[in-house]
Every structure is written in C-alpha cells, then in structure tokens.
Amino acid sequence: MTAQLIDGKAIAAKVRDEAKAQVAAFTQQHGRAPGLDVVLVGDDPASQVYVRNKERDSVQVGMRGTVHRLPADSSQAKLLALVAQLNADAAVDGILVQMPLPKQIDAETVIATIDPGKDVDGLTPVNAGLLCLGRPGLVPCTPMGCMRLLDEVGCNPAGKRAVVVGRSTLVGKPIAQLLLARHATVTIAHSRTADLAKVCAEADILVAAVGKEALVRGEWVKPGAVVIDVGINRGADGKLHGDVEFEGAKQRASWITPVPGGVGPMTIAMLLMNTVTAAKARIAVKR
Ligand code: NDP
C-alpha cells in the first residue's frame, strides 16, 4: 500500500476562504471587521516570522491584524497591563501572546489573564476545562487543524482506535480530547510509555506530536492507518522533518500528512477561524 498524501496547504487554503467569507458577512452585519491582536515579547527570530505570518494572513482574509511588540526585557507587569488593555478593548476579538516568553515572565500567569472569550489559542484554563467537559469553547488551533484534516479525507474517528503520541497542553492533550469527543477510543502515549511500538501498532488514527525526528518508525504503523504528523524538526540535512519516519510509514498508511505541508499550514488557518468564532460569540453575548 502507498498512502495518499493529506494536502494541508490546499485544505488550509479552503479554510482561509471560509474564514474570508465569514469575515465579510460579519463586517457587513456589524460595521467593523473582526480584530486579532498578537503580542510578541522579544526578538526570537522564529517567533518574529510566526507573528508576521499571522498578521499577514489575518489582513488577507479582511480582518484587522495588529502586532504589539514589547522589548525582551519587559516586565511581567507590563505584559499583563497590555493584556488587560486588550481584554477591555471592544474592537479586539482575539488575543494571542506568542510563545515562548522571556525567562522573567511566567507564561501560565499571562495565559490565565487573557479573557477566555478572546483566547483564540484556546489555552486559558477556562477553555481547556470546557474542552475536557465537552462544552463549546475556543479550541487550540493545531489540534483543531488536525481534526479538520481527518474530516477532509473522510476519516470519521467514531469507534476507531486513536493513539496520540505526546501529551502537551498545546497539542497532545487537546487532540486526544477532540478525538474522544468524536467517539474514538483514545490512548495517549508519552515519554514514559512502555513499548511505544506496540501501542502505535494498534492505532487506526496515529497522531505524533513529540518533536523528535522519525521517532515513530514506519513499521509501527498499522496497515491502513491514517497518520497525522504534527512534529516539526530541523534535520541534519537542514530540511524540516516530522516525528514519523515518512518513507516507511507511507508504505503502510492509507493517508499521511507530509512535513512540511501537512499540519503546519492548518494552524494559522484555524487561528483565523477561531478569531471569527470569538467575534461572533462576543456579539451574541452582548445581545
Ligand atoms: P512538547 O515538548 O511540549 O511535548 C512533547 C511531548 O512528547 C511530551 O508529552 C513528551 O512526553 C513526549 N515525548 C518526548 N519524548 C518522547 C518519546 N521518546 N516517546 C514518546 N513521547 C515522547 O512539544 P509540543 O507538543 O509543543 O510540540 C510537539 C511537536 O509539534 C514539536 O515538533 C513542535 O514543533 C510541533 N508543533 C507543530 C505545530 C504545527 O503547527 N504544525 C504547532 C505546535 C507544535 P512527556 O510529557 O512525558 O515529557
């Protein structure tokens, strides 16, 4: 078997088009565009690129996108004051504080300060709790992107065995929750999991979110499985590689995401969707 590739670029373009249509409808109805405010502290080169892309893509779909840049030596109090200001600003629908933050700032404290209704990264304790309870809330972008990829290839998780390798708050745990909400039987594997090969081999849906190149070997993939590779690793060859040994896995899976061009493009597309969702929900609450 040779797997079909899940084209994240094309699917992300489709999601952006959907966001654009929703932004246009919102703007016409409410006389203003949804607004996304991104906060960047410091000058980490990768973060600068991510933030620029978020600003560019939000403007491309017709939203207001603003980046607030603070110097690397900014105090936590200064950042918290900015977040409070954005929380209070009626024109701000989505707030995203770009991670990682400099050492003097406690990320958890900052995240917990964001108005959950504007938390388009879905990381506040309120939104994480709502996700666990299976209630509506804002969901982290990358996990939501993974679910959309499954839907686009016609993979219904209900009744399937799903294995998520990685248990981070940002990726692994929310993906597992979303799969559970869609009635998959979910196993979460992590660095202390015994016999990872055996666990992975049970998966009809295998999600890798670890950050270690080719950790998941091709021969661990159950024939016919759908493989979603979230990992982004810079290899010794200077190129980007996933957490799954792609060539081997491709021989066994039915569908597989490439790296790059799989999950990666979905994250910003879902951020745009979350911002429109947040904007609509805030208007609905005001009524
Ligand atoms: P974290 O470092 O926060 O979490 C990694 C997880 O992998 C942990 O739960 C850890 O287990 C687990 N792990 C580490 N080593 C092993 C091992 N040998 N066997 C099994 N599990 C292991 O990473 P993130 O979740 O933030 O990111 C994961 C990957 O996804 C990274 O490559 C990141 O770059 C990428 N990413 C991609 C995005 C995209 O848009 N495509 C967005 C976000 C992330 P334990 O908890 O026990 O330590």
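From a predicted model like this one, the values you see are computed outputs, not experimental measurements.

### Observations concerning the environment of glutamine 177
Along the polypeptide, glutamine 177 turns up in helix α7 (residues 172-181). For glutamine 177, a relative accessible area of 22% gives the class partly exposed. In the structure, glutamine 177 is positioned 87 residues away from glycine 264 in sequence and 20 Å away in space, judged by C-alpha atoms.

### Some words on the sheet that holds strand β4 (residues 94-97)
Across the sheet, three strands lie side by side as β3-β2-β4; this open sheet has parallel pairing. Since the sheet does not close on itself, it has two edges, and those belong to β3 (64-70) and β4, each with one partner. Going from strand to strand, the sheet's axes swing by 15° on average, the running direction of each strand aside. Pairing analysis gives four bridges linking strand β2 (residues 35-41) to β4, with the strands arranged parallel. The partner of valine 38 across the bridge, within β4, is leucine 96.

### Observations concerning the site of the ligand
Neighbouring the ligand are 21 residues, the closest being Arg167, Ser168, Ser191, Ile232 and Thr267. Within the side chain of serine 191, an N or O atom sits 2.5 Å from an oxygen atom of the ligand. In the environment of the ligand, an oxygen atom lies 2.7 Å from a nitrogen or oxygen atom belonging to the side chain of threonine 267. If the ligand stood free it would expose 930 Å²; the protein chains cover 70% of that surface. For the shell around the ligand, the residue count by class is nine nonpolar, 10 polar and two charged.

### Some words on unusual backbone geometry
The step from methionine 99 to proline 100 runs through a cis peptide bond, and the omega angle for that step is 0°. Looking at the element boundaries, proline 100 is found in the loop between β4 and α4 (107-113). Positive phi, close to 55°, is recorded for alanine 214, a residue that is not glycine. Counting through the fold element by element, alanine 214 comes out in the loop between β7 (205-208) and β8 (226-229).

### Regarding helix α6 (residues 141-152)
In a regular helix each residue adds 1.5 Å, so 12 residues correspond to 16 Å; α6 covers 16 Å between its end C-alpha atoms and thus fits that length. For α6, the tally of buried residues reaches nine of 12 residues, placing the bulk of the element in the interior. Turning to α6, its buried residues number three or more, namely Cys141, Thr142, Pro143, Gly145, Cys146, Met147, Arg148, Leu149 and Leu150. Positive backbone phi, approximately 75°, marks glycine 154, located one or two places after α6.

### A few points about the nonpolar core
Grouped together as the largest cluster of nonpolar side chains are 49 residues, with contacts concentrated most on Leu150, Ile175, Leu179, Val207, Ile228 and Val230. Elements represented by at least two residues in this core include exactly α1 (8-30), β2, α6, β5 (161-165), α7, β7, β8 and α10 (264-286). Among the elements that make up this core, the one with the highest residue count is α10 (nine residues). Counting the residues that make up this core, at least three belong to each of domain 1 (31-115) and domain 2 (141-264). Ranked by size, the runner-up nonpolar core spans 19 residues in total, among them Ala189, Leu206, Ala208 and Val227.

### Some points on the side chain of threonine 275
By the element assignment, threonine 275 lies in helix α10. Those residues in contact with threonine 275 that sit more than four places away from it in its chain are Gly35, Leu36, Met63, Asp93, Gly94 and Val120.

### Considerations on the domain arrangement of the chain
On domain assignment, one finds that the chain holds domain 1 (31-115) and domain 2 (141-264). Centre-to-centre separation of domain 1 and domain 2, based on C-alpha positions: 29 Å.

Procedures and definitions
- Residues numbered from 1 in each chain as written.
- Predicted model: local features only at pLDDT ≥ 70, side-chain atom pairs only at ≥ 80, totals over all residues.
- Heavy atoms only, no water.
- Helix = DSSP H or I, 4+ residues; strand = E, 2+ residues; numbered from the N terminus.
- Buried < 20%, exposed > 50% of the residue type's maximum accessible area, 1.4 Å probe, protein only.
- Pairing = 2+ DSSP bridges.
- Axes fitted to C-alpha atoms, helices over the stretch in contact; angles between N-to-C directions.
- Near = heavy atom within 4 Å.
- Polar contact = N/O pair within 3.5 Å; in protein donor to acceptor, adjacent residues only side chain to side chain.
- Areas by Shrake-Rupley, 256 points an atom, 1.4 Å probe, with all protein chains shown as cover.
- Nonpolar A, V, L, I, M, F, W, Y, C, P; charged D, E, K, R; others polar.
- Expected span 1.5 Å × (residues − 1).
- Core = buried A, V, L, I, M, F, W, Y, C linked by side-chain atoms within 4.5 Å.
- Domains from an automatic or database assignment.
- Contact = heavy atoms within 4.5 Å.

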